[in-house]
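The primary structure of each chain is shown beneath.
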Amino acid sequence: MNSQIIPNLVNDKGHLMIANLDTLELAKEFGTPLVVYDVERIRNQIRSFKKVFEEEKVNYAVSYASKAFSTIAMYQVCNQEGAYTDVVSAGELYTALQAGFPMERVSFHGNNKSRQELEMAVDHHVGKIMVDNFYEIELLSQILEQKDSHIDVMLRITPGISAHTHEYDQTGQVDSKFGFDLESGQADQALKEVLANPRMNMLGLHAHIGSQIFELNGFQMAAKKLMEVAAHWRDKFNYESRVINVGGGFGIRYVASDQPLKAEDFVRTIIQTIKQESQKYNLSLPKIEIEPGRSIAGPAGYNLYTIGSRKEVKGLKPYITVDGGMGDNIRPALYQAEYEAVLAKDPQAQSIETVRIAGKYCESGDILISDQALPKSEPGDILVMLDTGAYGYSMASNYNRNPRPAVVFCENGQAKLVVERESLTDLVHLDRSYL
Ligand SMILES: Cc1ncc(COP(=O)(O)O)c(C=O)c1O
Ligand SMILES: N[C@@H](CCCC[NH3+])C(=O)O
């Protein structure tokens, strides 16, 4: 039995429930593969983050990193909860706009924002641009000039911290494609350029060290580094940062061996570190911002699949194949990410075997779970993969021309379709005949 499946998540028929809804019924109503969110879990995580800031009595923003899962419904829930959001493309910005998300609470990130993207951000008066490189300063400066406009900016620095996580999920090390380097003086030069530009209003500093991080230490180091740079800028340039943004990256539990701190505990330590450092450097306490993505969306999401074929391999774990795979969740193939799954009809049933859960894509690497204890299963059973809410649907593709799944939001006993399943006609929608 999966350690997360506690008895009150099972109904009187013994079926797994999500937000008090029977997962077998959800699969029947909406089909599989299906992405299901327990909306209350999204709300509760945002509220837990906000509570820490309020207890610590600091000015703050919880800015949902929407790359983890960017849909109209998700921005609407974040907006209802008073969160901010960060976007990294015109597509995410457009989705937030369609959701009616207040633009003043949007930050625009990215290490190669295009002219069109920056123009769109300026036209819609996004809250701030997280400036990443010198090319962007130049581009933004031209756009502001042309549009006779002004905008708030923050500078993203590379703090020189290598977080303990998958190599692809590290972003704060010196050799990173993101942000201004400190040692070589890039960050100082960027500050000079921004301060010299009357159309850019410099708010402060940002750093993000990576994703799915479990150690507190990396976040403490990042917070200290940001405050050290803030003190240096005050001393050298007479500039005081009003906002310090420490990014996201709080690790979540995917499998039993993952033992992360609660995401809000990471945040409390970050706040306390910034408080200490502001005293140490005699800086006034800045507004503190965080950008959690995975910790808000991940544990709230589930992928439902239908089991199909089975293949035995002598002396090895059998393959049990489901009707989805790397097209709706590339994380196992890309990062060797681990997940747990249960059978919807009886998540508490005794396991009888250890299997490999394979996807249906034409890639040997399309294995969703390489080591899953499972009760007896048969074709047609619904398999529920847990904690799939972050970077699953958002990284989905049409590989092998498989349509992307539908997404359903569940809350208060209601299941609402928030993203339709792609149809076969959707798949050829942009194709044009050659002959
Ligand atoms: C700048 C920035 N902020 C926030 C995040 C969100 O990270 P996570 O989903 O791990 O919380 C990311 C992704 O790693 C990011 O690049
Ligand atoms: N897509 C990554 C996280 C990337 C975070 C963005 N910098 C993952 O699934 O782990």
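What you see is a predicted model, and the numbers here were worked out from it, not measured in a lab.

### Considerations on the overall build of the protein
Okay, so step 1: Helix and strand counts for the protein come out as twelve helices and 20 strands.
Okay, so step 2: Taken against the 2.2 N^0.38 rule, which gives 22 Å for 435 residues, the C-alpha radius of gyration of the protein at 23 Å falls within 12% of a compact globule.
Okay, so step 3: Along the first, second and third principal axes, the C-alpha set of the protein runs to 70 × 60 × 45 Å.
Okay, so step 4: Evaluated residue by residue, the protein yields a buried proportion of 57% over its 435 residues.
Okay, so step 5: A fraction of 70% describes how many contacts in the protein between residues 6 or more apart in sequence connect residues 24 or more apart.
Okay, so step 6: Carbon and sulfur atoms form 48% of the exposed surface of the protein, whose accessible area is close to 19000 Å².

### Some remarks on the packing of aromatic side chains
Okay, so step 1: Applying the stated criterion across every chain, the model contains 14 aromatic pairs.
Okay, so step 2: On the basis of an interplanar angle of 70° and a centroid distance of 6.2 Å, the ring pair of Tyr-75 and Phe-101 is categorised as edge-to-face. Of the two residues, Tyr-75 sits in helix α3 (residues 72–80) while Phe-101 sits in the loop between α4 (90–98) and β6 (106–108), which places them 26 residues apart along the sequence.
Okay, so step 3: A relative accessible area of 4% places Phe-101 in the buried class.
Okay, so step 4: Linked through ring pairs, Tyr-37, Phe-69, Tyr-393 and Phe-409 together constitute an aromatic cluster.
Okay, so step 5: Above the face of the Phe-101 ring, Arg-105 is positioned so that its terminal group lies 5.5 Å from the ring centre.
Okay, so step 6: Note that Arg-356 overlies the ring of Tyr-319, its terminal NZ or CZ placed 4.0 Å from the centroid.

### Focus on the UniProt feature "modified residue: N6-(pyridoxal phosphate)lysine" (unreviewed entry) in the protein
Okay, so step 1: Here, UniProt's "modified residue: N6-(pyridoxal phosphate)lysine" (unreviewed entry) annotation points to Lys-67.
Okay, so step 2: Considering the arrangement of structural elements, one finds Lys-67 in the loop between β4 (60–65) and α3.
Okay, so step 3: Residue Lys-67 is classed as partly exposed on the basis of its relative accessible area, which comes to 33%.
Okay, so step 4: Setting aside residues up to four positions removed in sequence, Lys-67 forms contacts with Asp-86, Val-88, Glu-92, Tyr-391 and Ser-394.

### Quick notes on the site of ligand 1
Okay, so step 1: What surrounds ligand 1 is a group of 15 residues, the closest being His-208, Ser-211, Glu-291, Arg-294 and Tyr-391.
Okay, so step 2: Between ligand 1 and Lys-67, the relevant distance is 3.0 Å, taken from an oxygen atom to a side-chain nitrogen or oxygen of the residue.
Okay, so step 3: Backbone polar atom of Gly-249 to an oxygen atom of ligand 1: 2.8 Å apart, as the coordinates give it.
Okay, so step 4: Here ligand 1, which alone exposes 390 Å², has 93% of that area covered by the protein.

The rules we used
- Residues numbered from 1 in each chain as written.
- Chains lettered and ligands numbered in written order.
- Predicted model: local features only at pLDDT ≥ 70, side-chain atom pairs only at ≥ 80, totals over all residues.
- Heavy atoms only, no water.
- Helix = DSSP H or I, 4+ residues; strand = E, 2+ residues; numbered from the N terminus.
- Rg over C-alpha atoms; globule rule 2.2 N^0.38 Å.
- Buried < 20%, exposed > 50% of the residue type's maximum accessible area, 1.4 Å probe, protein only.
- Contact = heavy atoms within 4.5 Å.
- Areas by Shrake-Rupley, 256 points an atom, 1.4 Å probe, with all protein chains shown as cover.
- Phe/Tyr/Trp six-rings, centres within 6.5 Å; stacked < 30°, edge-to-face > 60°.
- Lys NZ or Arg CZ within 6 Å of the ring centre and 35° of its normal.
- UniProt positions renumbered as here; feature names shortened; annotations may be inferred.
- Near = heavy atom within 4 Å.
- Polar contact = N/O pair within 3.5 Å; in protein donor to acceptor, adjacent residues only side chain to side chain.

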